[in-house]
Amino acid sequence: MDYNRVLVLHFTNGMSSREIAETTGDGKTTINEFLKRFRECGVLKYPLPEDVTNEFIGELLYRKAGSPTDSQLYRDIDPEGIHRALTKKGETLKHLWKKYNASGIVDGRRPLSYRQFCRRYSQWLQSSKVTFHIQRYPGVNLELDFAGKTLCIHDRRNPKQTIPVTIFVAAMSYSDYFYIEGMTRCDISNWIRVNNNALAYFGGITQTVTPDNCKVAVTENKDWINPGVNKDFQAWAEHNGTVIMPAKVKSPRWKPNVEGHVKIVTMHILVDMEEMTFYSLEELNAVLWEKMAQENRENFQGLSYSRVDLFEREEKEVLLPLPEAPYEYLERKLVKVSQDFSFVYDKVHYSMPRKYLKRTLEIRAGATKIHIYNENGDFIRTHDRSYTPKSWVVIPSDMPKEYSDYGYWNKSYFLARAERVGPDTKVLIERVMEKFQYPVQSFRSCYGILRFAEKYGMQALETCCHDAILHGKCSYTYIANTISMYANPAPAPVDRTDNSLKSVDRNAVVTGAYKDDDDKYSLKNLLKRQEEGESR
């Protein structure tokens, strides 16, 4: 039982024995017995002095009369000496207990068991508020974080306009050797880029990587046991043969080295650079890297070697080798294969086999390749990436030899629809199909052209197609840009010599199509006179 906690809940919070039992998980009868003994002991009163421990309370209230205390039966430990010894490389509590136990019985007192030995040391840590030292070994861990202070880049044309620059920091847990770089955007692509640059700077990768809980690295970390890592960052780790182990939320002590470097970078580098003016990220990073190299070369305080010395001597050779090529960030997107046997990514068509028609696929696009996966994440194929809008990247075997057996989008279907509109429309559709190596590549354009008949009417589309053929501009773009002219022809001009106003278009007056500055013959006045005559 945590006696101190029970006393606080009872005397400070005013909780009953039942409520305390529900909170601590102890039995109600046990708590009642403890509170009764505490009131009757006559030695302790609440609030307790700061140096009163649970062990002292237990010995005082539950020791049988005349029986010796633990301090009389067992040898004490030296918790401060244990704590100092654990800072040595390779030292463990088990080894220290074996040395303590080897002395045997001294002055009639036996050594503590290993379990009690660890418990006593843990209690001392808690009472002294001492943080347990995390043992670091060469080449094991790399810590990642962002500096809290930012810099900025100025616009040459408008110096008052600035772009904020976030500072990325990566530090080796063992040697304190660190890398920094400025970022104008903290998205996943830039996060991958600066991490690749850090690995290139170190010349290797550690067995584990401990990032901060930023969104580009960790998507969820509620209990620390099973955190959700960004899938692109996880792919980066798998590519480099390392493991992502995020720090505990709001626990900077889990990555103390990089936290210390954030302070060093802020106080020794960013404060000086804040007064400088930069017009590009390259200029800013050049100064950052110069100051970083200088800081890495300086000796540790009170020691005769620097971060570079320790890294080169003990850590660099044990790093894991880097892969032949750095990890390439892949932009992910879900696409659907259309009836023209292609999907569209970045305004470019990429062909797919017939069996993937109308199926949803996942695209992972790199700088030069398009990687395609099915719904289950299984790899299908790779396309060379094109940056020409509206172009087609086609594998010939994907294109069907016949078009009559895979749905209503086929050559015969579009020609039949065009013939119903008119002969010129059919000719235009044929010429659109002839522009492509495979007719299936024209189906979307044909579909778009024929849909104009629903919006503007068949006659307007037929006339538009007739003029497109005459001008040699048989394309969807020309039809889309001119079809509206054929649907809304301009009204006939007004004959001013005809006072009967039979040629006046009332709609034109309302819409403002006719304008005249002469009041005598203005359409507004003439129309008004005509209405008056009709009423008479």
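Keep in mind it's a predicted model, so treat the numbers as computed, not measured.

How each quantity is defined
- Residues numbered from 1 in each chain as written.
- Predicted model: local features only at pLDDT ≥ 70, side-chain atom pairs only at ≥ 80, totals over all residues.
- Heavy atoms only, no water.
- Buried < 20%, exposed > 50% of the residue type's maximum accessible area, 1.4 Å probe, protein only.
- Helix = DSSP H or I, 4+ residues; strand = E, 2+ residues; numbered from the N terminus.
- Pairing = 2+ DSSP bridges.
- Expected span 1.5 Å × (residues − 1).
- Arc of directions from axis to C-beta.
- Contact = heavy atoms within 4.5 Å.
- Salt bridge = Lys/Arg side-chain N within 4 Å of Asp/Glu carboxyl O.
- Axes fitted to C-alpha atoms, helices over the stretch in contact; angles between N-to-C directions.
- Parallel < 35°, antiparallel > 145°, perpendicular 65-115°, else oblique.
- Left-handed = near helix turned anticlockwise from the far one by under 90°.
- Nonpolar A, V, L, I, M, F, W, Y, C, P; charged D, E, K, R; others polar.
- Phe/Tyr/Trp six-rings, centres within 6.5 Å; stacked < 30°, edge-to-face > 60°.
- Lys NZ or Arg CZ within 6 Å of the ring centre and 35° of its normal.
- Polar contact = N/O pair within 3.5 Å; in protein donor to acceptor, adjacent residues only side chain to side chain.
- pLDDT = per-residue confidence, 0-100.
- Core = buried A, V, L, I, M, F, W, Y, C linked by side-chain atoms within 4.5 Å.

Draft legend 1. Here's a closer look at the pairing of strand β1 (residues 141–146). Burial analysis of β1 places six of its six residues in the buried class, which makes it a mostly covered element. The side-chain alternation of β1 yields two buried faces, one formed by Asn-141, Glu-143 and Asp-145 and the other by Leu-142, Leu-144 and Phe-146. Of the pairings in the sheet, the one linking β1 to strand β5 (residues 208–210) comprises three bridges and is parallel in character. Of the residues in β5, the one forming a bridge with Glu-143 is Thr-210. Pairing of β1 with strand β3 (residues 162–172) involves five bridges; the strand directions are antiparallel. Residue pairing across strands places Glu-143 opposite Ala-171, the latter belonging to β3.

Draft legend 2. Summary view of helix α15 (residues 423–434). A rise of 1.5 Å per residue sets the reference length of α15, with its twelve residues, at 16 Å; its end C-alpha atoms lie 17 Å apart and thus fit the reference within 8%. Of all the positions in α15, only Thr-425, Leu-428, Ile-429, Val-432 and Met-433 are classed as buried. Each buried residue of α15 lies within a common arc of 140 degrees when the element is viewed along its axis, so the set occupies one face. What points out from α15, more than 90 degrees from its buried face, is the exposed set Pro-423 and Glu-434. In this structure, the buried residues of α15 make contact with α14 (411–421), α16 (443–456), α17 (458–470) and α18 (476–487).

Draft legend 3. View of the pattern of salt bridges. For the structure shown, the criterion picks out twelve salt bridges. Arg-185 is the salt-bridge partner of Asp-187, the closest N and O atoms lying 3.2 Å from each other. On the basis of relative accessible area, Asp-187 is assigned to the partly exposed category, the value being 21%. Arg-332 serves as the salt-bridge partner of Glu-362, at 3.3 Å between the closest nitrogen and oxygen. Separated by 30 residues along the polypeptide, Glu-362 in strand β12 (residues 360–365) and Arg-332 in strand β9 (residues 331–336) bring together distant segments of the chain.

Draft legend 4. Spotlight on the packing of α15 against α17. With their axes 8 Å apart at the nearest point, α15 and α17 run at an angle of 55 degrees to one another. Here α17 runs oblique to α15, going by the angle between their axes. Here the hand of the crossing between α15 and α17 comes out left-handed. Contacts between α15 and α17 involve Pro-423, Asp-424, Thr-425, Val-427, Leu-428 and Arg-431 from the former and Leu-461, Glu-462, Cys-465, His-466, Ala-468 and Ile-469 from the latter. Looking at the contact of α15 with α17 residue by residue, the class counts come to seven nonpolar, two polar and three charged.

Draft legend 5. Summary view of the packing of aromatic side chains. Counted by the stated rule, this structure contains 25 aromatic pairs. Measuring from ring centre to ring centre gives 5.7 Å for Trp-97 and Tyr-114, while their planes differ by 70 degrees; the resulting arrangement is edge-to-face. Of this pair, Trp-97 sits in helix α7 (residues 93–102) while Tyr-114 sits in helix α8 (residues 114–128); the two residues are 17 residues apart in sequence, bridging distant segments of the chain. We classify Trp-97 as buried; its relative accessible area is 16%. In this structure Tyr-114 comes out as partly exposed when scored by relative accessible area, which is 29%. Every member of this aromatic cluster is reached through a ring pair, and the members are Tyr-177, Tyr-179, Tyr-201, Phe-202, Trp-289 and Phe-311. The side chain of Arg-75 reaches across the aromatic face of Tyr-100, ending 4.4 Å from its centre. The ring of Tyr-114 carries the charged tip of Lys-94 above its face, separated from the ring centre by 4.2 Å.

Draft legend 6. How the structure looks around the pairing of strand β10 (residues 342–345). Sheet analysis places β10 next to strand β11 (residues 348–351), joined by four bridges and oriented antiparallel. Each bridged residue has a counterpart across the sheet, and for Phe-343 the counterpart in β11 is Tyr-350. Between β10 and β11, which pair antiparallel and follow one another directly, the connecting turn spans two residues, one of which, Asp-346, has a positive phi of 55 degrees.

Draft legend 7. Inspection of unusual backbone geometry at higher detail. Of note in the backbone geometry, Asp-346 takes a positive phi value of approximately 55 degrees without being a glycine. With respect to the helices and strands, the residue Asp-346 is situated in the loop between β10 and β11. By relative accessible area, Asp-346 is classed as partly exposed at 42%. Positive phi, close to 65 degrees, is recorded for Lys-347, a residue that is not glycine. Owing to a relative accessible area of 61%, Lys-347 belongs among the exposed residues under this scheme.

Draft legend 8. Representation of the side chain of Glu-143 in the model. Summarising the element assignment, Glu-143 is placed in strand β1. Only 2.8 Å separates the side chain of Glu-143 from the side chain of Ser-173, close enough to count as a polar contact.

Draft legend 9. Seen up close, the environment of Ala-200. Residue placement: Ala-200 occurs in helix α9 (residues 188–202). Assessed through its relative accessible area of 57%, Ala-200 is described here as exposed. In the structure, Ala-200 is positioned 122 residues away from Leu-322 in sequence and 8.2 Å away in space, judged by C-alpha atoms.

Draft legend 10. Just the confidence of the model for the protein, in detail. Put simply, the protein has an average pLDDT of 78, and 81% of its residues get 70 or more. The low-confidence segment residues 494–523, where pLDDT is below 50, has 34 contacts with residues more than four positions distant or belonging to other chains.

Draft legend 11. Examining the nonpolar core more closely. Grouped together as the largest cluster of nonpolar side chains are 52 residues, with contacts concentrated most on Ile-167, Phe-168, Ile-180, Trp-191, Phe-202, Phe-233 and Trp-236. Sorting the residues of this core by element identifies β1, β2 (151–154), β3, β4 (178–183), α9, α10 (231–240), α11 (256–273) and α12 (281–297) as the ones contributing at least two each. For Ile-180, the contacting residues outside a window of four places in its chain are Ile-167, Phe-168, Val-169, Val-265, Ile-269, Leu-288, Trp-289 and Met-292. One finds Val-348, Leu-415, Ile-449 and Cys-465 within the second-largest nonpolar core, a separate group that totals 43 residues.

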